[in-house]
Structures are given as C-alpha cells and as structure tokens.
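Coordinate inspection notes
The residues making up each chain are set out below.
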Amino acid sequence: METEAAATFSRLPDAARVARPAAPGSQKIMTKKRVLLGLVVVVIVGVVVVTALGRSRGDDGLPVEVAAVGRSTVVQTVTATGKIQPMVQVNISADVSAKIIRLGVDEGDWVEKGTMLVELDRERYVAEVESQEANLSAAQAQANLARENMVKAQKDYERSRQLFDRSLESQASLDTMYASAEVEKARYQSTQDQVEQAKAAVRQARDSLSKTTIYSPMAGTISMLNKEVGEIALGSQFQEDVIMVVSNLQGMEALVDVDENDIVLVSVGDAATIEVDALPDVKFKGEVTEIANSAKISGQGSSDQKTEFEVKIAVLDPGTLLRPGMTASAEVVTEVREGCVSVPIQSVTVRTMEQLGVGKEAGEKEDGTARFLPDDEGFVEVVWVVDSGKASARQVSTGIQSDTHIEVVEGLVENEQVVVGSYRAISRDLQDGAAVRVGGGDEPRGREG
C-alpha cells in the first residue's frame, strides 16, 4: 500500500506537490528571503530617483556666481623687501696703517663735523718726516755746490773766449771750456730736480703724519664702532678696514630689491608704504629716489637664480624708532586709475577658440566681423557675461591691476553681469552659450575705492 501511495504522489502535478504543507523551519527561511528582496528593491528605486533628480537639476545649467560690472579705483603696486639704512653715512677708515692709541667717541655718540675720532701711533711717521727733511737739506746743499761749480765753469769759458778772440787761445781749448760749462749747467739742473723730489717726499711724509689723527667729515651719530684701542688699523690702500660709521639718522631710507619683471613699472618719485618687522604697528610713507641701472644676480647658474635691481626709497617721516639694518618691506604705488571699469581678477581668463566651444557662425558678429581675435599664440582674453540664463564669452582688453581687481579698457560696460566663480567654471567648464544657474549675489565683492 505504501508503494502505491508513493507512486500516486509522484504522478501528481507540480502545483499539487507545492501545496503540500511545509515544515515549520522552511517557512521561516522563506520569510527572510522575501524581506531581503524587498530591501534590495527599495535601494534600487532610491538610486534611480536620486539619479533622476540630479539629472533634472543639471538641466538647469552650470552653477555660477556673478557680480555687476562697476567703476572703482584700481591701484597697481610692486612689493619688495630690503633693509633700513641712513640716507647719508660715511665709513671711517685709516689712510695709513698703525696701531690705534686713542678713540675719541663711543658707539651712539653724536659728533659734530671736525670732531677727533681716532688717533693712531705716529712715532714711525714722525721719524719719516725727519728723515725726508734731512734728505731735503742734503739735496739743497748739493744744489748749492753744483750752482757754484756751474758759475765757475761759465767764467772760465768766458775768459777762454776772450783769449781766443785775441788769438791767444786755441780752438780746442775754447771747445773744452765750453763743454765743461755745459756739464756743470746740466749737473746743477739735476740737483734742482733732486731738491724738488726731496720736497715732495717731505710733503708726503707730513701728509701721512697728519692722517694718524682722523676727524669726522660730517655731523652725525656713531652708528657702528668696529675697533678698540690697541688694534691695528689697516691703510685703505690695502683694503677697506672700517673703524667706525658716522650716520645721519635724521634722514633714513629703505634699500629694497625689486624683481626684474617689476622694475620696469617703478619710476623715481613713486609713492610707497614701508613696513618694518621690528615695528609691526607702524607704517611709514616713502618716495622712490633712486633706481639702480645694473642688476644684482644671486644664485647664478642654478635653479634659484634671481635677477633684481636695488631701489632706494626715502622715508618721509622716519621719527626716532628706525635703526640701520632693520628688515623692511615696501609697497610701491606704480599707477592709479580712478573711476575705471573693473572686475575681480579671477573673472578674466584666457582660452583658445576650441576651448571656448565657438563654431564658425557663433564666432562672428551680426555684421560679419569676428567676435574673437586670438593673439599670436592663439589665446583670447575673455570674461563670461551672463544674460537670460546663458553665459557668453566676451573678449576684453585689460589695463593695470591691483591685488583684487583688474581694469577693463575695452569689452565691458557698467552693470553687465560677469561670472566671478567658481574658478573651475571660469577657467575650464564654461563654454560660449552654455546654460548657467546663478547661485551668487549680483553686487561686486571686494571692490576697491
């Protein structure tokens, strides 16, 4: 009977066999699978919805920020760093070599013109003067002797000539006397030259003696003292051996280094603002007084090579706080344009015609003239103008620029809306005629003036 029942069950349809009651454990497994399947369906539907929403938002256009074109004051500046130094300062060094036996001043002292600064050991130079004076006396004595011999020889020649005229002296004797007179005359002239040389040696010895005492060439402050009593001062004919520095601290200047790319913008008379590291809360007014003609090159032949030019900027209100050697930075105003059409610097970019996405027809104006004129390298300087939800590339001519704004000489008018962000949109993403979605304000930010 059991065999017949099993055979009968195997012949039943699949639906009948499924309808057969399942065991309690298998029902729990089926329930878990259904729950998991439902969760997967929910996740898929969510992803589809989010993607659809993202695409619908993208249809609104590329998000950008805009600002209205306005007029402002654009100030072009050049920044440089250097140090503070007196406008007038003199390095005091000895013209002769000797030991320092006396210093008449201390560092920081005020001195008047003619004040004794340094006294050197003069014993050797006194002896030199005496020696040269003795040589002069000897030379003068030799000259006197030579003069007497010359006079005697001249008289002997005159007597011989008189005897020759009366035929009492031979021609040979007359010629001998003449030669002797000429020799003595030449010898006397030579001793005269020796006397002059001796006099010059005496003057030189006395001058060297006088230089053992050094006086101040100007009124000022002893801003640096490098030597002490007992040290040797080397004569300047060997090398510059600075004993001290006399400075006029009432007139100060900033000596700064300007990059070669900026030096063409700087002119004598340009106004400047000077800041000193040691005085962070103080700003000094200045004026460019001198620009070097020759460049100063550092790191020559290496990747760090720099070419700079020294520029002197007079401090117009130095006060009493500045000291020589202080580190300073200067901002030189090279040009100012008041009330000019300007936009933020980041609004201006350069693109090729291909990067602009401009076709042949779109690249022409209604009158048939070209909208864009690339430079020799194929680039066009443009800003993006937004009108009716679309960005249009507008070629512009620019002038000077400040840290934040750039002058637009041609290509824009006031109140036009230009794209000021994002940087990625301006420099890469935007194309001519692209739809945009404005996400910023309509007032220019950070305007100067």
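Because the structure is a prediction, the values reported are computed rather than measured. Numbering of residues starts from 1 in each chain and follows the order in which that chain's sequence is written. It should be noted that, the model being predicted, local features are given only for residues of pLDDT at least 70 and side-chain atom pairs only at 80 or more, the latter also being counted only at that level, while totals for whole chains, interfaces and linings use all residues. By convention in this description, side-chain values take in all heavy atoms of the structure and omit both hydrogens and water.

Brief notes about the pairing of strand β11 (residues 252–259)
To sort residues, take the accessible area from a 1.4 Å probe on protein chains only and compare it with the maximum for the residue type: under 20% means buried, over 50% means exposed, and anything in between is partly exposed. Secondary structure counts use DSSP, requiring at least four H or I residues in a row for a helix and at least two E residues in a row for a strand, with both numbered from the N terminus. The buried count for β11 comes to six of eight residues, which makes it a mostly enclosed element. Any two strands between which DSSP finds at least two bridges are classified as paired. Sheet topology places β11 next to strand β15 (residues 306–315); seven bridges connect them, and they run antiparallel. Residue pairing in the sheet places A254 in a bridge with I313 of β15.

Focus on the environment of T221
Summarising the element assignment, T221 is placed in strand β8 (residues 220–225). Placed 132 residues apart in sequence, T221 and Q89 show a C-alpha to C-alpha distance of 9.2 Å. When checking whether two residues touch, look at their non-hydrogen atoms; a contact exists if any pair is within 4.5 Å. Setting aside anything within four residues of it in sequence, one finds T221 in contact with G108, D109, W110, V245, V246, S247 and L249.

Describing the sheet that holds strand β10 (residues 242–247)
Read across the sheet, four strands follow the order β3-β10-β8-β5 without closing on themselves; strand pairing throughout is antiparallel. A strand with exactly one partner marks an edge of an open sheet, and here the two such strands are β3 (89–93) and β5 (110–111). Where β3 and β10 come together, five bridges link them in antiparallel fashion. Bridge pairing in β10 places I92 opposite M244.

Description of the nonpolar core
Residues grouped as a nonpolar core are buried Ala, Val, Leu, Ile, Met, Phe, Trp, Tyr and Cys residues, joined through side-chain atoms within 4.5 Å. I84, V256, V258, I274, I313 and L322 are the most contacted members of the largest nonpolar core, which totals 24 residues. At the level of secondary structure, the elements contributing two or more residues to this core comprise β2 (70–86), β11, β12 (271–276), β13 (279–291), β15 and β16 (327–344). Filtering out sequence-adjacent residues up to four positions away, I313 remains in contact with E253, A254, V256, A272, I274, G286, E287, V288, T289, A330 and V332. Ranked by size, the runner-up nonpolar core spans 23 residues in total, among them L117, V118, A205 and V246.

A few points about the confidence of the model for the chain
Confidence of the predictor at the level of single residues is captured by pLDDT, which takes values from 0 to 100. For the chain, per-residue confidence averages 84 on the pLDDT scale, and residues scoring 70 or more make up 82% of the total. Looking across the chain, the model is least confident in helix α2 (residues 14–18), with a mean pLDDT of 41, and most confident in β12, with 96. Confidence drops under pLDDT 50 across residues 47–58; counting only partners more than four residues distant or on other chains, this segment forms zero contacts. Low confidence marks residues 440–449, where pLDDT is under 50. Its contacts with residues over four positions away, or in another chain, come to 31 contacts.

A word on unusual backbone geometry
Here the bond from G421 into S422 is cis, since omega is 0°, no more than 30 degrees from zero. You can see S422 is positioned in the loop between β22 (417–421) and α7 (423–429). Residue S388 is not a glycine yet carries a positive backbone phi of 55°. Within the secondary structure layout, S388 lies in the loop between β18 (380–387) and β19 (390–395). A residue is classified by how much of its surface remains accessible, and S388, at 71% relative accessible area, is exposed.

Overview of the packing of helix α4 (residues 123–165) against helix α5 (residues 171–210)
Angles here are taken between N-to-C directions and fall from 0 to 180 degrees, while the axes themselves are lines fitted to C-alpha atoms, restricted in helices to the stretch in contact. Interhelical geometry of α4 versus α5 gives an angle of 165° and a closest axis separation of 7 Å. Considering the angle they form, α4 stands roughly antiparallel to α5. By crossing handedness, the relation of α4 to α5 is classed as left-handed. When residue character is reported, Ala, Val, Leu, Ile, Met, Phe, Trp, Tyr, Cys and Pro are called nonpolar, Asp, Glu, Lys and Arg charged, and the others, Gly included, polar. Looking at the contact of α4 with α5 residue by residue, the classes come out as 22 nonpolar, 14 polar and ten charged. The scheme is simple: roughly parallel for angles under 35 degrees, roughly antiparallel for over 145, roughly perpendicular for 65 to 115, oblique for anything else. If you view the pair so one helix is near and one far, a crossing is left-handed when the near helix is turned anticlockwise from the far one by less than a right angle, and right-handed when it is turned clockwise.

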